Amino acid sequence: MTATTLDPKTALVVVDLQKGIVSLPTVHSADEVVERSARLAAAFRAKGLPVVLVRVTGGAPGRTEQGGSGGGQPPADWADLVEGLGRQDGDIVVTKQVWGAFHGTDLDLQLRRRGVTQVVLTGIATSIGVENTARAAYEHGYHVTVATDAVTDMDAETHRNAVERIFPRLGETDTTDAIIKLLG
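As a starting point, this report considers the structure included with it.

What counts and what doesn't
- Per-chain numbering applies: the sequence of each chain, read as written, is numbered from 1 onward.
- Totals for whole chains, interfaces and linings use every residue, but because this is a predicted model, local features are given only for residues with pLDDT of at least 70 and side-chain atom pairs only at 80 or more, for both listing and counting.
- No hydrogens and no water enter the side-chain calculation; it runs on all heavy atoms of the structure.
- Strand pairing requires that DSSP identify at least two bridges connecting the strands.
- We count a stretch as a helix when DSSP gives it H or I for four or more residues in a row; a strand needs E for two or more, and each element gets its number in order from the N terminus.
- Every axis corresponds to a line fitted to the C-alpha atoms, with the helix fit spanning only the stretch in contact, and the corresponding angles, defined between N-to-C directions, vary from 0 to 180 degrees.
- Between two residues, a contact is recorded if the distance between any of their heavy atoms is within 4.5 Å.
- In these notes, a set of buried Ala, Val, Leu, Ile, Met, Phe, Trp, Tyr and Cys residues joined through side-chain atoms within 4.5 Å is what counts as a nonpolar core.
- The buried label goes to any residue with under 20% of its type's maximum accessible area, the exposed label to any with over 50%, and the partly exposed label to all in between, with areas taken from a 1.4 Å probe on protein chains only.
- This arc is taken over the directions from the axis of the helix to the C-beta atoms.
- Counted charges follow a simple rule, with Lys and Arg positive, Asp and Glu negative, and His plus the chain ends left uncounted.
- By definition here, a salt bridge exists when the distance from a side-chain nitrogen of Lys or Arg to a carboxyl oxygen of Asp or Glu is within 4 Å.
- For a helix, the expected span equals 1.5 Å multiplied by the number of residues minus one.
- Within 3.5 Å is the distance limit for a polar contact, defined as a pair of N or O atoms, with the added protein rule that one can donate a hydrogen and the other accept it, and that residues adjacent in sequence qualify only through two side-chain atoms.

1. Structural notes on the sheet that holds strand 2 (residues 51–56)
Strands sit in the order 3-2-1-4-5-6 across an open sheet of six strands; the sheet is parallel. For this open sheet the edge positions go to strand 3 (92–96) and strand 6 (172–174), each flanked by a neighbour on one side alone. Each strand axis lies, on average, 25° off the axis of its neighbour in the sheet, ignoring direction. As paired strands, strand 2 and strand 3 are joined by five bridges and run parallel to one another. For Val52, the partnering residue across the bridge sits in strand 3 and is Ile92. Helix 4 (residues 126–139) contacts strand 1 (10–15), strand 3, strand 4 (118–124) and strand 5 (143–152) of the sheet and is inclined by roughly 170° relative to strand 4.

2. Description of the nonpolar core
Membership of the largest hydrophobic core comes to 27 residues, with the highest contact counts inside it found for Val52, Leu111, Val119 and Leu121. Of all the secondary structure elements, the ones that give two or more residues to this core are strand 1, strand 2, strand 3, helix 3 (107–113), strand 4, helix 4, strand 5 and helix 5 (156–170). Considering every element that reaches this core, the biggest residue donor is helix 5, with five residues.

3. Structural notes on helix 6 (residues 176–183)
Turning to helix 6, its buried residues number three or more, namely Thr176, Ile179 and Leu183. Angular distribution of buried residues about the axis of helix 6 spans 65°; they occupy a single face of the element. Buried residues belonging to helix 6 abut helix 2 (30–46), strand 4, strand 5 and strand 6. Gly184 lies just past helix 6 and shows a positive phi near 80°.

4. Section: unusual backbone geometry
The step from Ile124 to Ala125 runs through a cis peptide bond, and the omega angle for that step is 5°. Tracing the chain through its elements places Ala125 in the loop between strand 4 and helix 4. The phi dihedral of Asp16 is positive, around 60°, even though this residue is not glycine. Topologically, Asp16 is positioned in the loop between strand 1 and helix 1 (19–22).

5. Examining the side chain of Asp174
Topologically, Asp174 is positioned in strand 6. With no salt bridge to any partner, buried Asp174 finds its closest opposite charge in Lys181, at an N-O distance of 9.8 Å.

6. A few points about helix 5
Here helix 5 is 15 residues long and its end C-alpha atoms lie 20 Å apart, about the 21 Å a rise of 1.5 Å per residue gives. Among the residues of helix 5, His159, Ala162, Val163, Ile166, Phe167 and Leu170 are the ones counted as buried. The inward-facing, buried residues of helix 5 contact helix 4, strand 5 and strand 6. Two to three positions downstream of the cap, the backbone nitrogen of Glu157 sits 3.1 Å from a side-chain oxygen, assigning the N-cap of helix 5 to Asp155.

Laid out in structure tokens, this is it:
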């Protein structure tokens, strides 16, 4: 599917482009995901539209078969947003403790205060933070668009599944360049 339109009040939501996550081995270049996300952020800022930078600093407490990250404390700068995003004072920063950016945060409140009706998503990991945020955005009634060349994952199959099967059910998908073109 290709993106058909962007609402007048659309926000960019950049998921987990932080030092500890962009350093993980990914299917597609994390540097390219950061660069494309930064271009989208600059385009949104130029139009006076909200840019939301999401980072994760914890994890849900439930037991999983896969377990945690192997124990120990992450480096002190693990949750720092990457500098390549060009963070501005007007950007909204959301810190989450679970996969999705809506649960347990004020993201929905921040968007509704600004009259936002649509979100464009980028980030890492496609099948984790991005997909969960897309699902919650859809459930909250936002139009959802995913910049498919500005997302990546640690696993090729889960990335492909999210891009080809999940995101088209939640909204529209397109490239960074096409979305910037829709911004006008």
